[in-house]
Amino acid sequence: MGMQTLYQKVNADRIVRRIEELAKCSMTKKGVTRLSFSRESEMANELVAQWMQEAGMTVRRDGLNNIIGRYEGKWPDAPVLLIGSHLDSIIEAGKYDGVLGVIAAIEVIQTLYENGMRPNNPIEVIGFCDEEGARFHTTLLGSRAIAGNLREEELFAKDANGITLAEAMKEIGLDPFQYHTAARHPKTILGYLELHIEQGPILEQMNQACGVVSGIAGQSRYKFQVEGLVGHAGTVPLPLRKDALAGTAEMILAIEQIVLQYENLMATVGKLSVFPGASNVIPGLVEGTLDVRSIDDGTRRTALNRIIEECKEIAKQRGLVCEFTKVMESPAVLCSSRFIDVISSVLEERKMKSVRLVSGAGHDAMALASITDIGMIFVRCKNGLSHHPDEFVAAEDIKIGTSVLLDVALKLTS
Ligand SMILES: [Zn+2]
């Protein structure tokens, strides 16, 4: 047996064991349900704190219940590299979304610790308390607090039982009005690194264990209304109809054709309500949603304008009226070119393809991008499936992803 290089010493069995143990901190039997500031999240934080200590870190929780382990570097006052992901889940989620990134980061530090290695810069592992926003319908609570972007009025967001965020924080012994103490100064931070499951099918299709994220797509959410004329399904001939649903169908197909003309563009009509909604009545009104995403904000805006124009034109030709209303808009967030280069170089050293992926989903890295450089590694998940109890990542891919994370962290801190 030859000498193992450090990255080969990553213990995938330990990671898998810890992921399984965390999955038990759940409200339900079907999948994982771990809402923020719940009993289950406190159990998870305790386990994570214990593993951080085993890995040679000092542990604290900050003003918003993010759990943070610190591994000192040779230069104590140097800017710190943050590595993390989230510990909360949606309702009936899988075991890996978020959790994998936290446990992989702990494994990185434990591998350094067990081999007597110290980076130059300190490294902190963060388990964010609330990324999904499943309890209070406010996403990225933990990471936005660290970035200093949380607003006081958000403390009064309510969960399904009418409990406010402030009350939930008090219940676990935090002073909600000290949430701002979680904020970090940009000068004290070297950057933020996150490993996360891909939540899409591209790596699987390309037969790659992991890839480098170029950025997180910007997003526009609209609702729309198509108004026509109700009529009897048996008596109004086609040329005289103003069928709102038939018009909407033509619009949706037109949206597909527009999307095909751009690279890196997604558009989805995910919800339709048809009124009056009877089998023998011509639909008089359709309400729907439109979700448009791209890593390029210009592309997103241009495509969105074309979609709205085209839909209005289709409506006009059919004697319908079509209105779009903006619900939400968020700009794209790019990963830092330095981080992308370091991740790519590690992948190439390992003879892996440096597949560039755009994240279509939001992540804690989005919030951190307002105060520091960010980089993300995606790990292949089975069938691209996430937010579902059947979510699965192979132990072999976990080992590869974590060992890449280890080398990236070392390159950034030495
Ligand atoms: Zn996630």
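Keep in mind the model is a prediction, meaning the values are calculated, not measured.

### Topic: the pattern of salt bridges
No. 1: Taken as a whole and assessed by the stated rule, the structure comprises 24 salt bridges.
No. 2: As a salt-bridge pair, Arg-300 and Glu-329 come within 3.0 Å of each other at their nearest N and O atoms. Of the two residues, Arg-300 sits in helix H8 (residues 297-317) while Glu-329 sits in strand S13 (residues 321-330), which places them 29 residues apart along the sequence.
No. 3: Looking at Glu-329, the relative accessible area reads 35%, which means it is partly exposed.
No. 4: Each member of the salt-bridge network shares a partner with another, and the members are Arg-70, Glu-72, Glu-124 and Arg-184.

### Some details on the domain arrangement of the protein chain
No. 1: According to the domain assignment, the protein chain consists of domain 1 (6-216 + 332-413) and domain 2 (218-330).
No. 2: Inter-centroid distance (C-alpha atoms) of domain 1 to domain 2 is 37 Å.
No. 3: Contacts between domain 1 and domain 2 engage eight residues on the former and seven residues on the latter.
No. 4: Overall, the association of domain 1 and domain 2 removes approximately 490 Å² of surface from exposure, summing both partners, and the carbon and sulfur fraction of that is 58%.
No. 5: For the pair domain 1 and domain 2, the number of links is zero salt bridges.
No. 6: Viewed at the interface, domain 2 and domain 1 are joined by two residue pairs in polar contact (both at pLDDT 80 or more).
No. 7: Secondary structure elements with two or more residues in the side of domain 1 that touches domain 2: strand S6 (210-216) and strand S14 (333-334).
No. 8: In the side of domain 1 that touches domain 2, the residues fall into six nonpolar, two polar and no charged.

### Digging into the nonpolar core
No. 1: Membership of the largest hydrophobic core comes to 79 residues, with the highest contact counts inside it found for Leu-22, Val-48, Leu-81, Leu-100, Ile-106, Leu-193 and Val-408.
No. 2: By residue number, the principal contributor to this core is helix H3 (residues 99-114), which donates ten residues.
No. 3: If we skip the residues at most four places from it in the chain, Leu-22 touches Arg-34, Ala-44, Leu-47, Val-48, Trp-51, Leu-87, Val-99 and Ile-103.
No. 4: Within the second largest apolar cluster, 23 residues are counted, among which are Phe-224, Ile-258, Leu-290 and Ala-303.

### Structural notes on the coordination of the zinc ion
No. 1: Every protein donor of the zinc ion is listed here as His-86 (NE2), Asp-97 (OD) and His-196 (NE2), and their distances to the metal cover 2.0 to 2.2 Å.
No. 2: Every donor residue of the zinc ion comes from the same chain, spaced as H-x10-D-x98-H. Taken as a pair, Asp-97 in the loop between strand S3 (80-86) and H3 and His-196 in strand S5 (residues 189-197) lie far apart in primary sequence, 99 residues in all.
No. 3: Looking at Asp-97, the relative accessible area reads 7%, which means it is buried.

### Quick word on the environment of Leu-245
No. 1: Tracing the backbone through its elements, the reader meets Leu-245 in helix H7 (residues 244-260).
No. 2: Residue classification places Leu-245 among the partly exposed residues on the basis of a relative accessible area of 31%.
No. 3: Taking the C-alpha atoms as reference, Leu-245 lies 8.5 Å from Gly-228; in sequence the two are 17 residues apart.
No. 4: Setting aside residues up to four positions removed in sequence, Leu-245 forms contacts with Leu-272, Val-274, Pro-283 and Val-286.

### As for the state of the cysteines
A covalent bond bridging the sulfur atoms of two cysteines is what the word disulfide describes.
No. 1: All chains considered together, the criterion is met by zero disulfides.
No. 2: Summary of cysteine pairing: Cys-210 is not part of a disulfide, and the nearest cysteine sulfur, belonging to Cys-381, is at 13 Å.
No. 3: Judged by relative accessible area, which is 0%, Cys-210 ranks as buried.
No. 4: Just so you know, Cys-311 is unpaired, no disulfide at all, and the nearest cysteine sulfur is the one on Cys-322, 5.4 Å from it.

### Brief notes about the side chain of Arg-14
No. 1: Relative to the helices and strands, Arg-14 is located in helix H1 (residues 12-23).
No. 2: Within the structure, Arg-14 has its side chain in polar contact with the side chain of Glu-114 (distance 2.9 Å).
No. 3: Not counting residues up to four positions away in its chain, the partners in contact with Arg-14 are Glu-107, Gln-110 and Glu-114.

### Quick word on the packing of H3 against helix H11 (residues 395-413)
Between two packed helices, what matters for the description is the angle formed by their axes and the separation of those axes.
No. 1: Between H3 and H11, whose axes approach to 9 Å, the crossing angle comes to 60°. The orientation of H3 relative to H11 falls into the category oblique. Considering how the two elements wind past one another, H3 and H11 form a crossing that is right-handed. When H3 is examined against H11, the residues Leu-100, Ala-104, Ala-105, Glu-107, Val-108, Thr-111 and Leu-112 are found in contact with a partner set consisting of Ile-398, Thr-402, Leu-405, Leu-406, Ala-409 and Leu-410.
No. 2: Looking at side-chain class alone, the contact of H3 with H11 contains ten nonpolar, two polar and one charged residues.

The rules we used
Residues numbered from 1 in each chain as written. Predicted model: local features only at pLDDT ≥ 70, side-chain atom pairs only at ≥ 80, totals over all residues. Heavy atoms only, no water. Salt bridge = Lys/Arg side-chain N within 4 Å of Asp/Glu carboxyl O. Helix = DSSP H or I, 4+ residues; strand = E, 2+ residues; numbered from the N terminus. Buried < 20%, exposed > 50% of the residue type's maximum accessible area, 1.4 Å probe, protein only. Domains from an automatic or database assignment. Contact = heavy atoms within 4.5 Å. Buried area = accessible area lost by both parts, 1.4 Å probe. Polar contact = N/O pair within 3.5 Å; in protein donor to acceptor, adjacent residues only side chain to side chain. Nonpolar A, V, L, I, M, F, W, Y, C, P; charged D, E, K, R; others polar. Core = buried A, V, L, I, M, F, W, Y, C linked by side-chain atoms within 4.5 Å. Donors = N, O, S within 2.8 Å, 3.2 Å for Na, K, Ca; no water. Disulfide = S-S within 2.5 Å. Axes fitted to C-alpha atoms, helices over the stretch in contact; angles between N-to-C directions. Parallel < 35°, antiparallel > 145°, perpendicular 65-115°, else oblique. Left-handed = near helix turned anticlockwise from the far one by under 90°.

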